[in-house]
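Summary of structural features
Listed here are the chains, written in short residue letters.
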Amino acid sequence: MNDPSALTADAVEAIGKSQTSAELERIEVEYLGRKSGHVSKLLEGIGRLSADERAVLGKAVNEAKRMIEGALAARRSQLEATRLADLAETEAIDVTFPGRPLERGQIHVLTQVRRQIETVLESLGYQVELGPEVETEWFNFEALNIAAGHPAREMWDSFYFGPGLLLRAHTSPVQIHAMQRIKEPPIYIITPGRCYRRDAPEATRLPYFSQVEGLAVDKGLTVGDMKGTLLFMIQSLYGRERKVRVRPSFFPFTEPSFEFDVSCGICGGMGCKSCRHKGWLEVGGCGMVHPQVLRNGGIDPSQWNGYAWGFGIERMAMLKHDVDDMRLFYESDLRFLEQF
Ligand code: PHE
């Protein structure tokens, strides 16, 4: 082939039909290759031509080269644009696509109630004090004036690891730990924590549960101070319209001892199905700290006195949220737990 414009037309046609950059490269070599490309070959016999003819052919060849190069570049950018468009189609990230929501946890209702109780009592100056769940018999019983063989031990039927070591049956042993640690009254502490008793799980009792104990040791404390504290706590948690009453009871570690009740939130104390027509709901035990218990904690009962109370957090949560079965708190059923 020795006609530059026919050659150019062929090249441009081939370039236009090419579909890949590899194909384009082959065409480029075929036409513009330095040694054996069609365009170089056009110049093969140039030595035999006259100066004028040489100039004409040279110009035509340069023109052909320029045209072919231009066509190659144009096709190359066309192919690249198509490749990018395809890529955008197949591998696109849609930034407006809604994300997959993360499963959000929440605070367990018993923890919520415990924290509310802590916040209320901390506002009165009480500090949180924690104690061990594995206790010696001395801290769980003897130090609290419950001698071996005392019939009151029936109230705290316990899990034993062996002689003298058990899972604490109430948070009252932390009273003794706190008095021994702090030594110098005044002492104002609350001790939230897990307790264990040998009870079969039922709607109103569990073998493991949580209590909050309160202990105040100071000078000249009265039952009135104790009752005022309980009333403040109950009203802060349940509302200003609630009332508190104390009824005489017995605990070996308090004298006098009481049970304390809160007025029913549904009937306001008139009596209804929810409070079994009593108008009151039982919350926990309380009383003035027995002098022997102060002594066991290393505190002189001729100088100081105190009051203490204890109640179950599950029970408080049941009253607050109108739950009628304690077991629900521990069954981890999200349909139940997500309500709070
Ligand atoms: N520890 C008692 C119980 O578990 C409750 C209580 C605490 C009573 C403090 C009086 C004073 O039943």
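Rules used throughout
Residues numbered from 1 in each chain as written. Predicted model: local features only at pLDDT ≥ 70, side-chain atom pairs only at ≥ 80, totals over all residues. Heavy atoms only, no water. Axes fitted to C-alpha atoms, helices over the stretch in contact; angles between N-to-C directions. Helix = DSSP H or I, 4+ residues; strand = E, 2+ residues; numbered from the N terminus. Parallel < 35°, antiparallel > 145°, perpendicular 65-115°, else oblique. Contact = heavy atoms within 4.5 Å. Nonpolar A, V, L, I, M, F, W, Y, C, P; charged D, E, K, R; others polar. Core = buried A, V, L, I, M, F, W, Y, C linked by side-chain atoms within 4.5 Å. Buried < 20%, exposed > 50% of the residue type's maximum accessible area, 1.4 Å probe, protein only. Pairing = 2+ DSSP bridges. Domains from an automatic or database assignment.

1. Structural notes on the packing of helix 1 (residues 4-17) against helix 4 (residues 51-90)
Two elements in contact, helix 1 and helix 4, have axes whose closest approach is 9 Å; the angle formed by their N-to-C orientations is 5°. Classed by the angle they form, the pair helix 1 and helix 4 counts as roughly parallel. Of the residues in helix 4, those touching helix 1 at Pro4, Thr8, Ala11, Val12, Ile15 and Gly16 are Leu57, Ala60, Ala64, Met67, Ile68, Ala71, Leu72 and Arg75. Tallied by class, the residues present in the contact of helix 1 with helix 4 amount to 11 nonpolar, two polar and one charged.

2. So, the nonpolar core
Within the largest apolar cluster, 43 residues are counted, with the highest numbers of intra-cluster contacts made by Ile117, Met233, Trp309, Phe311, Met316 and Phe329. Those elements that provide at least two residues to this core are helix 5 (109-122), strand 6 (208-218), helix 8 (223-238), strand 8 (254-263), strand 9 (280-289), strand 10 (305-312), helix 10 (313-321) and helix 11 (334-337). Apart from the residues lying within four places of it in its own chain, the contact partners of Phe311 are Ile117, Ser210, Gln211, Val212, Met233, Phe260, Val283, Gly284 and Met316.

3. Here's the deal with the sheet that holds strand 2 (residues 134-136)
What links the strands of a sheet is backbone hydrogen bonding, and the strands pair in either a parallel or an antiparallel sense. On the basis of which strands lie adjacent, the open sheet formed by three strands has the order 2-4-3 and antiparallel pairing. Every interior strand has two partners, whereas the edge strands, strand 2 and strand 3 (160-162), have only one. For this sheet the average axis-to-axis angle between neighbouring strands, irrespective of direction, equals 30°. Taken together, the two bridges between strand 3 and strand 4 (residues 165-167) define a ladder with antiparallel strand orientation. Residue pairing for strand 4: Tyr160 is matched across the bridge by Leu166.

4. A short note on unusual backbone geometry
Along the chain, Pro185 connects to Pro186 via a cis peptide bond; the corresponding omega equals 5°. Take Pro186: it is sitting in the loop between helix 7 (173-182) and strand 5 (187-196). A cis amide bond links Glu255 to the next residue, Pro256, at an omega of -5°. Tracing the sequence through the fold places Pro256 in strand 8. Its identity as a non-glycine residue notwithstanding, Lys183 has a phi of 65°, on the positive side. Looking at where Lys183 falls in the secondary structure, it is placed in the loop between helix 7 and strand 5. Residue Arg276 is not a glycine yet carries a positive backbone phi of 50°.

5. Brief notes about the domain arrangement of the protein
The domains assigned to the protein are domain 1 (4-90) and domain 2 (109-337). Using only C-alpha atoms to locate each centre, domain 1 and domain 2 end up separated by 96 Å.

6. Section: helix 7
Buried within helix 7 we find Pro173, Val174, Gln175, Ile176, Ala178 and Met179. Taken from the residues just after helix 7, Lys183 is the one with a positive phi, measuring 65°.

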